[in-house]
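These are the residues of each chain, in order.
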Amino acid sequence: MSGGPDHDVIVIGAGPTGLFAAAELARLGLDVVLLEARADPAPGSRAIGVHAPVLAALEPSGATDRILADAARVPRGIARVGGRVLGEVRFDRLDTRFPFVATLPQALTEAAVAAGGPPPRRASRAVAVHDRGTVVDVLVAAPASRGTGRVGDPSVPQAADRLTARAVVVAAGAGGRHLVPAAGVRSHAYRDRYLMADVPGPSVESAEVAAVTLDAAGVLESFPLPGGGRRLVAWDAASDRGSAPLDDADAAAVDRLRRAVADRTGDDALAARIERVTGFGIRRAVARRLRLGRVFVVGDAAHEVSPIGGQGMNLGLLDVATLAPLIARWLPQVESSDELARWERQRLASARTAVRLAAANTALGRPRSALAHRVVTGALAGALSGPFGPMLARAYAMGLDRDGRIGTGRTGHGLTG
């Protein structure tokens, strides 16, 4: 192939991490193309919480202001058993510029982080990535849909395209791991299954409080949404049915979630407003490597954590916020970068911490016998009310992330270099 590469960077995957990567690299002056296998944007809302260190990391791009214009701000969380409050987690007492969790539908977060970036090239499925030392090849499958038959029509099936770049960022989630087998991602699927619904307000809960109800039948989480609604997530008693897709209007699933909300929280009015649900399973995964020469792996492609605790999307955004300026400085050079090696160590350590925290949250939310339930909730009440309370607040606010450490005062910036 003659001439230089087609682009400075190719980003694969147009979820929140990939959208932010493309926008941030473009903001730093690089020529970026963004590839996405899906023909249309994914519907629905999955991740809703943006934590303080991520809000701080997104400030230079302007995304923080866009997020906060639409988000609800949640300064505290409570843990409850039935009608009794075990303890609370106070995000508003942390040493950070943003003493709250910002909650908003994922589509709005994606729009905020993608602003100013290149639009995704949709229906462009990367099937292979090959690092040739000074340039990276990305093989893109030809569209499979039927076209008009005119030459040049992008929907006409034809030979696969080959794009080249000086670097590639793989942000295509679990479905993109086959592109980087040398990353060595180890994955484990849990048997746990959950039901989720977004329900319009009002609720018995305060609009500024995230509530976690621990019940012997399983956890019920309730998070504020903009406009007064709530995101509800419940451990599903039908989890032994496996991970088959669940239609969001499935009457049996709607009934199970209604009963879980009513039984575990006593909020019958909120339960009655549930009309559509989503079912999901969870996995944990962590790569052994995030950098493979000129190829970088970020977000769920590199690490996957249980959404119980809400740090998966945030991990990916921090991956990109810390990586993008390093790529912009490194690409003009020919020597290896110690900064990139340090980035890889930091992000892998942060991912492992998040995986451990998510595993603990998942175990805490499982059903158990009445005796075991009393023991577990008693221990949690002691932790929340004792000296571990501020530490738990830091942990749930991503303050243990190597690139997002925060303290327990009322000032500071929430993001370390």
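Structural notes, computed from the coordinates. (Residues numbered from 1 in each chain as written. Predicted model: local features only at pLDDT ≥ 70, side-chain atom pairs only at ≥ 80, totals over all residues. Heavy atoms only, no water.)

**Considering the overall build of the protein**
Scanning the protein from terminus to terminus reveals ten helices and 18 strands. A burial count over the protein gives 51% of its 417 residues as buried. For the protein, the share of sequence-separated contacts (at least 6 apart) that also reach a separation of at least 24 residues comes to 72%. A total of about 18200 Å² of accessible surface is found on the protein, and carbon and sulfur atoms cover 53% of it. (Helix = DSSP H or I, 4+ residues; strand = E, 2+ residues; numbered from the N terminus. Buried < 20%, exposed > 50% of the residue type's maximum accessible area, 1.4 Å probe, protein only. Contact = heavy atoms within 4.5 Å. Areas by Shrake-Rupley, 256 points an atom, 1.4 Å probe, with all protein chains shown as cover.)

**Details of the nonpolar core**
Within the largest apolar cluster, 78 residues are counted, with the highest numbers of intra-cluster contacts made by Val9, Ile10, Val11, Ile12, Leu25, Val138 and Ile327. For this core, the element with the highest residue contribution is helix 7 (residues 312-330), accounting for eleven residues. Setting aside chain neighbours within four positions, we find Val138 in contact with Ile10, Ile12, Leu35, Ala126, Ala128, Val129, Asp161, Arg162, Leu163 and Val168. Listed in part, the 24 residues of the second largest apolar core include Phe91, Val101, Tyr190 and Val219. (Core = buried A, V, L, I, M, F, W, Y, C linked by side-chain atoms within 4.5 Å.)

**Remarks on the environment of Pro105**
Its place among the elements puts Pro105 in the loop between strand 7 (101-103) and helix 4 (106-114). The exposure class of Pro105 is partly exposed, given its relative accessible area of 28%.

**Remarks on the environment of Leu400**
Turning to its location among the elements, Leu400 is positioned in the segment after helix 10 (388-396). Distance in space between the C-alpha atoms of Leu400 and Ser350 is 7.5 Å, their sequence separation being 50 residues. When near neighbours in sequence (up to four residues on either side) are disregarded, Leu400 contacts Thr353, Arg394 and Ala395.

**Comments concerning the sheet that holds strand 7**
Pairing is antiparallel across the open sheet formed by three strands, whose spatial order is 3-7-4. Two strands bound the open sheet, and with one partner strand each, they are strand 3 (49-50) and strand 4 (72-74). Examined bridge by bridge, strand 4 and strand 7 share three bridges and lie antiparallel to one another. Within strand 7, the position partnered with Val74 by the bridge is Val101. (Pairing = 2+ DSSP bridges.)

**With respect to the side chain of Gln346**
You can see Gln346 is positioned in helix 8 (residues 338-364). On the basis of relative accessibility, which here comes to 12%, the residue Gln346 falls in the buried class. The residues contacting Gln346, other than those within four sequence positions of it, are Arg402 and Asp403.

**Here's the deal with the sheet that holds strand 18 (residues 303-304)**
A sheet is described by the order of its strands in space; here eight strands give the open sequence 6-5-12-13-14-11-15-18, paired in mixed fashion. The open sheet has two free edges, formed respectively by strand 6 (84-90) and strand 18, since each of these has just one partner strand. Sheet analysis places strand 11 (residues 186-199) next to strand 14 (residues 230-235), joined by six bridges and oriented antiparallel. Within strand 14, the position partnered with Leu195 by the bridge is Ala234. Helix 8 rests against strand 11, strand 15 (278-286) and strand 18 of the sheet, and its axis sits at about 135° to strand 15. (Axes fitted to C-alpha atoms, helices over the stretch in contact; angles between N-to-C directions.)

**Some details on helix 7**
Compared with an ideal rise of 1.5 Å per residue, which puts 19 residues at 27 Å, helix 7 spans 27 Å between its outermost C-alpha atoms and is within 8% of the ideal. At Leu323, helix 7 is bent by approximately 30°, the largest bend along its length, and proline Pro325 sits one to four residues beyond. (Expected span 1.5 Å × (residues − 1). Bend = angle between axes of the 7 residues up to and from the residue.)

**A look at the pattern of salt bridges**
A complete count under the given rule lists 20 salt bridges for this structure. A salt bridge links Asp8 to Arg166, with the shortest nitrogen-to-oxygen separation between them at 2.9 Å. With Asp8 in strand 1 (residues 7-12) and Arg166 in strand 10 (residues 161-170), this pair connects stretches of sequence that are 158 residues apart. Judged by relative accessible area, Arg166 falls into the partly exposed class, the value being 24%. (Salt bridge = Lys/Arg side-chain N within 4 Å of Asp/Glu carboxyl O.)

**Observations concerning the environment of His373**
With respect to the helices, strands and loops of the structure, His373 is situated in helix 9 (residues 370-385). Note: C-alpha distance between His373 and Gly218 (155 residues apart in sequence) is 9.9 Å. Excluding residues that lie within four positions of it along the chain, His373 makes contacts with Val81, Leu214, Asp215, Ala216 and Arg368. Side-chain polar atoms of His373 contact the backbone oxygen of Leu214, separated by 3.5 Å. (Polar contact = N/O pair within 3.5 Å; in protein donor to acceptor, adjacent residues only side chain to side chain.)

**Here we look at the packing of aromatic side chains**
Summed over the entire model, instances satisfying the criterion amount to four aromatic pairs. Considering the side-chain rings of Tyr194 and Phe280, the 5.5 Å spacing of their centres and the 20° angle between planes classify their relative orientation as stacked. In this pair, Tyr194 is assigned in strand 11 and Phe280 in strand 15, connecting sequence segments 86 residues apart. We classify Tyr194 as buried; its relative accessible area is 1%. Geometrically, the ring pair formed by Phe296 and Trp343 is edge-to-face, given 6.3 Å between the ring centres and 75° between the ring planes. Of this pair, Phe296 sits in strand 17 (residues 295-297) while Trp343 sits in helix 8; the two residues are 47 residues apart in sequence, bridging distant segments of the chain. For Phe296, a relative accessible area of 0% corresponds to the buried category. Classification of Trp343 as buried rests on a relative accessible area of 3%. A network of ring pairs unites the aromatic residues Phe296, Trp330 and Trp343 as a single cluster. (Phe/Tyr/Trp six-rings, centres within 6.5 Å; stacked < 30°, edge-to-face > 60°.)

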